[in-house]
Each structure stands twice: as C-alpha cells, then as structure tokens.
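Notes for the structure review
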Amino acid sequence: MTVGEIAEKSKSAFKALAPLEAVLFDVDGTLCDSDPIHHIAFQEMLQEIGFNGGVPIDEDFFVKNIAGKHNDDIAAVLFPDDIERGLKFCVDKEAYFRKLVKEKVEPIKGLYKLTKWIEDNGLKRAAVTNAPRPNAELMISTLGLTDFFHHIIIGDECEHPKPAPDPYLKALELLNVSKDHTFICEDSVSGIKAGVAAGMPVVGLTTRNPEHMLMTANPTLLVENYEDPKLWAVLEELGKKTGDA
C-alpha cells in the first residue's frame, strides 16, 4: 500500500467515527516518553545483580524484550529459570521507576493541545494501560491529567492484559460509548494489536518504536507526536462532523 493510499484509508476510517464520542489513551510512551525512565531503572537494577555478566542492557535489548510488555512476560524473559524471582524483581523495579518519574517525566509534544481539543468537543476519555495502577496514577497526576480522565483501566485488573482487547473493551463499557465512535492513541505493537482487536481505529505514535515495527500491528494512522499535521487533518474534519451531529 502506498503512503497516499494509507492516508486516504486513514481519513475514511476517522470520518466514519462521526459523531465522535470518546478517545482512549495508553500511558507509557503515549502520554509521556517514559520508556527511557523504564530503561534506566531496568539497566541499573539488572547491572546491580550481575545480569548479562554485569554488562548494562542496551537500547536494542530493551526494545526487543521489555518495552510495552507486561511484567509477567518480562519476568519470563529476564529470569526464565526462576519466574518468582523475576516477578519480585519487576515489583521492585516499578518502585524504583516511580521515584525516577517525578524528576524525569515529560509530556509527548502536543499532548495538551489534543487534551484541550477533546475537552472542547465534550468527549469522554480513559487511560488504558498494562502499567501497574500506582505507576499509571503517578504519571497521570505528574502530567496534571488526573481530572482529565474519567477512568483508568489497568491490564492486570482485566481478564487478559494487552495485546488482548479486554482492557479497551472494558473502557468502552465503563464510559458507555460505542467502538464505532471511539479511537485510540498507542505507541507499542502490543497496544496497537489490542486496539485493533477491540475493533477501533488506532493512532500509533513513533515515540520509541520504529515505524516499520508498528506497521506490523496495523495502526490506522502513524504520527510522530500530537502536533503532527496528519493527525490534525483528520481531527479537524472529524470535529466538524461531530459538531454537526
């Protein structure tokens, strides 16, 4: 499919959402660029216990084995012979991550422009994440968005976390909106797969994961950040239709 064909497909998928009812957001890498903070936490703690012979894990290892994955899967990769130890390690790592977040977390470029547009259009919104609840709530409050979200849905509190569709389906249920009038913002293959499986168009952000990797999960639109003109071209069109409805 050519770039032009993808753009046309994106436009028609978004036009079909009118009147728009809701927008759903992942948290890590979608509201804020938190992957570097996760990387630091894993790198320092793994080095401390002599993982990989004491050689720090690099960006490639992090992207391939950790980024966007659920802690159960991370534990199995890092400690295949001792899953219990792996799970405990992940709990300790999350506590260390929370200490780092307050100093280092930054919103994705254009985030507040998009949240204002969502509020101005009277749309419902939820955060949907595989992150542990204390992490998600801390990142959201640090970004000043606690009052913005109507619900925070956690993968572990659903029957199955992402890449299963369950967390996004739960968000639709809690917000009492239709999948036919809702879109999702995501930054990982796992998250995009979850959104597509739940039957909604997904805006994929190339925050950390390369475009070719995200394309394997079939996002409706790929953008660099929330200031990307491609995003605003479809939103402005959708805003008009939503306003008319």
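Here, every reference points to the structure presented above.
The model shown is predicted, which means the values in this text are computed figures rather than measured ones.

This brings us to unusual backbone geometry. Cis geometry marks the peptide bond from Ala 18 to Pro 19; its omega dihedral reads -5 degrees. Mapped onto the elements, Pro 19 comes out in the loop between helix H1 (3-15) and strand E1 (22-25). Cis geometry is found at the peptide bond from Lys 162 to Pro 163, where omega equals 15 degrees. With respect to the secondary-structure elements, Pro 163 resides in the loop between strand E3 (151-154) and helix H8 (166-175). For Asn 176, which is not glycine, the phi dihedral falls at a positive 60 degrees.

Strand order in the open sheet formed by 6 strands is E3-E2-E1-E4-E5-E6, and the pairing between neighbours is parallel. Of all the strands in the sheet, just E3 and strand E6 (221-223) have a single pairing partner and so form its edges. Along the sheet, successive strands turn relative to each other by an average axial angle of 20 degrees, direction set aside. Relative to strand E5 (residues 202-205), strand E4 (residues 182-186) runs parallel, the two being bridged by 3 bridges. What sits directly across from Glu 186, in E5, is Gly 204. Along the sheet, helix H7 (residues 133-142) makes contact with strand E2 (124-129) and E3, crossing E3 at roughly 145 degrees. Its contacts with the sheet place H8 against E1, E2, E3 and E4, and it is angled at close to 155 degrees to E2.

Computed from the structure, the largest pocket encloses a volume of approximately 510 Å³. Lining the largest pocket are 34 residues; nearest its centre among them are Lys 69, Asn 71, Glu 94, Asn 130 and Ala 131. Looking at the lining of the largest pocket, the elements that each hand over two or more residues are helix H2 (35-48), helix H4 (71-78), helix H5 (83-104), H7 and helix H9 (189-197). Of the residues forming the lining of the largest pocket, the biggest block, 6 residues, is contributed by H5. Looking at side-chain class alone, the lining of the largest pocket contains 11 nonpolar, 11 polar and 12 charged residues.

Next up on the list: the environment of Ile 66. Secondary-structure assignment places Ile 66 in the loop between helix H3 (59-65) and H4. Its relative accessible area of 3% is what places Ile 66 among the buried residues. Taking the C-alpha atoms as reference points, Ile 66 and His 39, 27 residues apart in sequence, are found 8.6 Å from one another. In this view, Ile 66 contacts Phe 42, Ile 57, Phe 61 and Ile 74; residues no more than four positions away in its chain are not counted.

Another point: the packing of H2 against H5. Contact pair H2 / H5: the axes reach a minimum separation of 9 Å and the direction vectors enclose 130 degrees. Taken as axis vectors, H2 and H5 run oblique relative to one another. You can see that H2 and H5 cross each other, and the crossing is right-handed. Every residue of H5 that contacts H2 at Ile 37, His 38, Ile 40, Ala 41, Phe 42, Glu 44, Met 45 and Leu 46 is listed here: Phe 89, Asp 92, Lys 93, Glu 94, Tyr 96, Phe 97, Leu 100, Val 101 and Lys 104. When the residues that make up the contact of H2 with H5 are grouped by side-chain class, the tally is 11 nonpolar, 1 polar and 5 charged.

Within the span of H8, buried status applies to Asp 166, Pro 167, Tyr 168, Ala 171, Leu 172 and Leu 175. Its buried side turned inward, H8 meets E1, E2, E3, E4 and H9. Immediately beyond the C-terminal end of H8, within one or two residues, lies Asn 176, with a positive phi of roughly 60 degrees.

Conventions and cut-offs
- Residue positions are counted from 1 within each chain, in the order its sequence is given.
- With pLDDT at 70 or above as the cut-off, local features in this predicted model cover only qualifying residues; side-chain atom pairs require 80 or more to be listed or tallied, and sums for whole chains, interfaces and linings still use all residues.
- Calculation of side-chain values draws on the structure's entire complement of heavy atoms; hydrogens and water are dropped beforehand.
- For helices the rule is a DSSP run of H or I covering at least 4 residues; for strands it is a run of E covering at least 2, with both sets numbered from the N terminus onward.
- When DSSP finds two or more bridges between two strands, those strands count as paired.
- Lines fitted to the C-alpha atoms define the axes, with helices restricted to the stretch that makes contact. Angles between their N-to-C directions range from 0 to 180 degrees.
- Two residues qualify as a contact provided that any one of their heavy atoms is within 4.5 Å of a heavy atom in the partner residue.
- Cavity means a closed set of points on a 1 Å grid over the protein atoms alone, one where a 1.4 Å probe fits but cannot get out, pocket means an open set with protein on both sides within 12 Å along at least 5 of 7 lines, and lining means a residue has an atom within 4 Å of a point.
- Grid points are joined across faces, edges and corners, and a volume is the space filled by probe spheres set on the points.
- Gly falls in the polar group here, along with every residue not listed as nonpolar (Ala, Val, Leu, Ile, Met, Phe, Trp, Tyr, Cys, Pro) or charged (Asp, Glu, Lys, Arg).
- A simple rule labels every residue: compare its accessible area, found with a 1.4 Å probe on the protein chains alone, to the largest value its type can have, and call it buried under 20%, exposed over 50%, or partly exposed in between.
- For this classification, under 35 degrees means roughly parallel, over 145 means roughly antiparallel, 65 to 115 means roughly perpendicular, and everything else is oblique.
- Take the far helix as your reference; a near helix turned counterclockwise from it by less than a right angle gives a left-handed crossing, and one turned clockwise gives a right-handed crossing.

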